[in-house]
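Coordinate analysis (summary)
Each chain, written out:
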Amino acid sequence: MSYVSLPRVQHIVASGFIAAVGMWVAWVSYTQQPAEAFLFPRLISTVFVVLAVWTFVKAILGWTKVGHGVSRRDFVWLLPGLIIALIYIFWAAKAVGFYTAGTIAFFMLLSFYDPAPHGEAKTWIKRVTITAGFLAVMYGLFAMLLKVYTPREIFF
Amino acid sequence: MEFLYYFGDVFTPISFGLLLLGTIGGLILGATPGLSPTMAVALLIPFTFHLAPVQGLILLGAAYTSTVAGGAVSAILLKIPGAPANIATTLDGHTMAKQGKGAQALQLSFLASAVGGVIGVLLLIFLTPVLAQWALAFGPSHLFWLAILGVTVIGSLDSASVVKGLLSGCIGLWLATIGFDDIMGAQRFIFHPALGGGINIIAALIGLFAIPQVLTMFAKGRNAANAEVIDVEKHSIMDAVRELLRRPKALSIGTITGSVIGLIPGVGGQIAGLVAYDQTKKFSSEREKFGKGHSEGVIAAESANNAMVGPSLVPLLTLSIPGSPTAAVLLGGLLIHGIFPGTDLFDNHPDVAWTFINSMLIGQVLMCLFGLYVAGLAARVAQVPQSVMAAVVLGLAVFGSYSVQSSMGDVYVMATLGVMMYFLERFGFSAAPLVLGLILGPIAEANFIQGSMIAGATDGMASYFLTGALNIVLIAIVIASIAYSVWMELRSRRYTSKEEIMA
């Protein structure tokens, strides 16, 4: 049984996904009406599908030379930050309040990725100070200088 | 000499203040590894939205120029190029710093950057109006091919894989069609309510350039290994000037190489610096000293990467084809203010065009003056932990994309495109052609539709789009750029890779 490396499997999945998107774009472009509105999408989706299928076939044959994929180590470190960022953006910013959610997300990310020892009070004081500075700068810049009205909801 | 008429406009308090802010801020941001010039300019765009067009462009132009020069600080003192354009600077710059000549290397880099930058901007001043007038002869079919040329040139030359670069461009062109069609009012690819108004360019730019950097920093984990900053000792500025004047060959090769490469869309500062370094080494009588802390290496690399900045804006301001990814972001900055490059810019907004270009000229001098003073500070800022940097950039990306239209939909688009781009980059795709597709997509489509209407009433599509001298020349350039890139890819890498240099 031949061994298929992780990057190769990832390349196949990624290029397969892009090929599927390309085919969906082409299908919509060629089937939706009015046809005049889809003239340009038809043109680009044709090239899109050709290139995407070419990339997919290359990935299946193992001819892909560019791109290293995502290593397990990278993914393990990336995941917590990505989850915090996505919760912040897609839920908390609107539900909790823009500044409150932003400050909590900032503090969590800073604390998680900071290499300083978690057991020392000095480390936590530094993190809280940096977070407070971030909140002050963001509030000053966007609320006071640019007068941007942000979703307030539960807090602000 | 029309530009002289608008020179005074740069010195109004707000414009000059923004120029100073952009220059000093850009020097510091440029020195920070992980914050590329393109990302810095993309993050600044939401702020320019609240300014007058000319003021916004002055800020963006100053940031563009000085982030490229600022990248030399971390390249010399930390051996970490602040931007890809500074890779060649590490070769001799860091070695000079280790030999106790860090101050001299920094002074030479800023002086050479200023000389290269001024000549590059002069080229911009004198070439742009000529090409803009020439662009008047362009009809819809030519403008369609020009937009396609912009996407294919960056897609093929800026990417490690030609097919993936072109595919990125196609994805960008498709993303540009999302929303309501301008002519028929039909809905196209609106699979989420946030996409009803199409994809906001600023949100997309921030997402595509900032979020992948943030996620890359996350993926590095708890990185405690900060590079050691080499202390800078005092060195006479006049000695640096004399040293620069003693090396005219390196300065002229760097400046000429950078200027020529800047004019070619898609090639960028990284190639300019490396080619200039390589050519200077070939023509030098002291070639054995290169790589061992030779001043000519720093002079050639830095004069080239800043000489590239001005000319990279020539195809942008005349034909809407950005010469580099950062120029593509600048194009987005122009379009959000309702300003279209080409003759419209110089005929209807000469105050904006010339004040912006003049500010870049003055910005080169300011960058040189301040660069020498803020280098030490910039090197310390470059040591800010990645955990702080990632959280700050994420916060700026969210607040910045929201502030443009006070829309959460833009924040969702920014985040979705950003996460998508991170994974695409892992598989060899590049953000620059995707952005070009997104920006040039509406221009290509509008001219394609207009051209098809004309073709329908005349000789037919094939005849209208594929014949005529200018059409044939443009199509030939599209094919040639793809063919050249495929040839280069097959021949493997011609230039020194970043990994080889950093090893």
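Calculation rules
- Residues numbered from 1 in each chain as written.
- Chains lettered and ligands numbered in written order.
- Predicted model: local features only at pLDDT ≥ 70, side-chain atom pairs only at ≥ 80, totals over all residues.
- Helix = DSSP H or I, 4+ residues; strand = E, 2+ residues; numbered from the N terminus.
- Buried ≥ 20, exposed ≤ 12 C-beta atoms within 10 Å, placed from the backbone.
- Contact = placed C-beta atoms within 7 Å.
- Nonpolar A, V, L, I, M, F, W, Y, C, P; charged D, E, K, R; others polar.
- Expected span 1.5 Å × (residues − 1).
- Domains from an automatic or database assignment.
- Axes fitted to C-alpha atoms, helices over the stretch in contact; angles between N-to-C directions.
- Parallel < 35°, antiparallel > 145°, perpendicular 65-115°, else oblique.
- Left-handed = near helix turned anticlockwise from the far one by under 90°.

**What to know about the environment of A:Phe17**
Residues and elements named next belong to chain A. Structurally, phenylalanine 17 can be placed in helix H1 (residues 6-31). Taking the number of C-beta atoms within 10 Å as the measure of exposure, phenylalanine 17 has 13 and is therefore partly exposed. Taking the C-alpha atoms as reference points, phenylalanine 17 and phenylalanine 56, 39 residues apart in sequence, are found 8.9 Å from one another.

**Things to note about the interface of chain A and chain B**
Across the boundary between the two partners, chain A contributes 49 residues, which contact 50 residues of chain B. Contributions of two or more residues to the side of chain A that touches chain B are made by H1, helix H2 (39-61), helix H3 (72-95), helix H4 (98-113) and helix H5 (121-145) of chain A. The element contributing the most residues to the side of chain A that touches chain B is H2(A), with 11 residues. Its residues assigned to classes, the side of chain A that touches chain B shows 36 nonpolar, 9 polar and 4 charged.

**Things to note about helix H18 (residues 386-405) of chain B**
Residues and elements named next belong to chain B. Between its first and last C-alpha atoms H18 spans 30 Å; for 20 residues at 1.5 Å apiece the expected length is 28 Å, and the two agree. Most of H18 sits out of view: 19 of its 20 residues are buried. Just beyond H18, the residue with positive phi is serine 406, at close to 50°.

**Observations regarding unusual backbone geometry**
Backbone geometry follows two general trends: most residues other than glycine have a negative phi, and most peptide bonds adopt the trans configuration. Between A:Gln33 and A:Pro34 the backbone carries a cis peptide bond, its omega angle lying at -5°. One can find A:Pro34 in the loop between H1 and H2. A positive phi is found at B:Phe189, a non-glycine position, where the angle reads about 55°. Among the secondary structure elements, B:Phe189 is positioned in the loop between strand S2 (187-188) and helix H8 (201-219). With 19 C-beta atoms packed within 10 Å, B:Phe189 lands in the partly exposed category. A positive phi angle, close to 50°, is found at B:Ser406, a residue other than glycine. Checked against the element boundaries, B:Ser406 lands in the loop between H18 and helix H19 (408-426).

**Side note on the domain arrangement of chain A**
If you check the domain split of chain A, you get domain 1 (6-61) and domain 2 (72-145). Here domain 1 of chain A and domain 2 of chain A have C-alpha centroids that lie 37 Å from each other.

**Examining the packing of H18(B) against H19(B)**
All names here are of chain B. Contact geometry for H18 and H19: axes closest at 7 Å, N-to-C directions at 140°. Here H19 runs oblique to H18, going by the angle between their axes. The two elements H18 and H19 meet at a crossing, and its hand is right-handed. Residues Ala397, Val398, Ser401, Tyr402, Val404 and Gln405 of H18 lie in contact with H19, whose contacting residues are Met408, Asp410, Val411 and Met414. Considered class by class, the residues forming the contact of H18 with H19 number 7 nonpolar, 2 polar and 1 charged.

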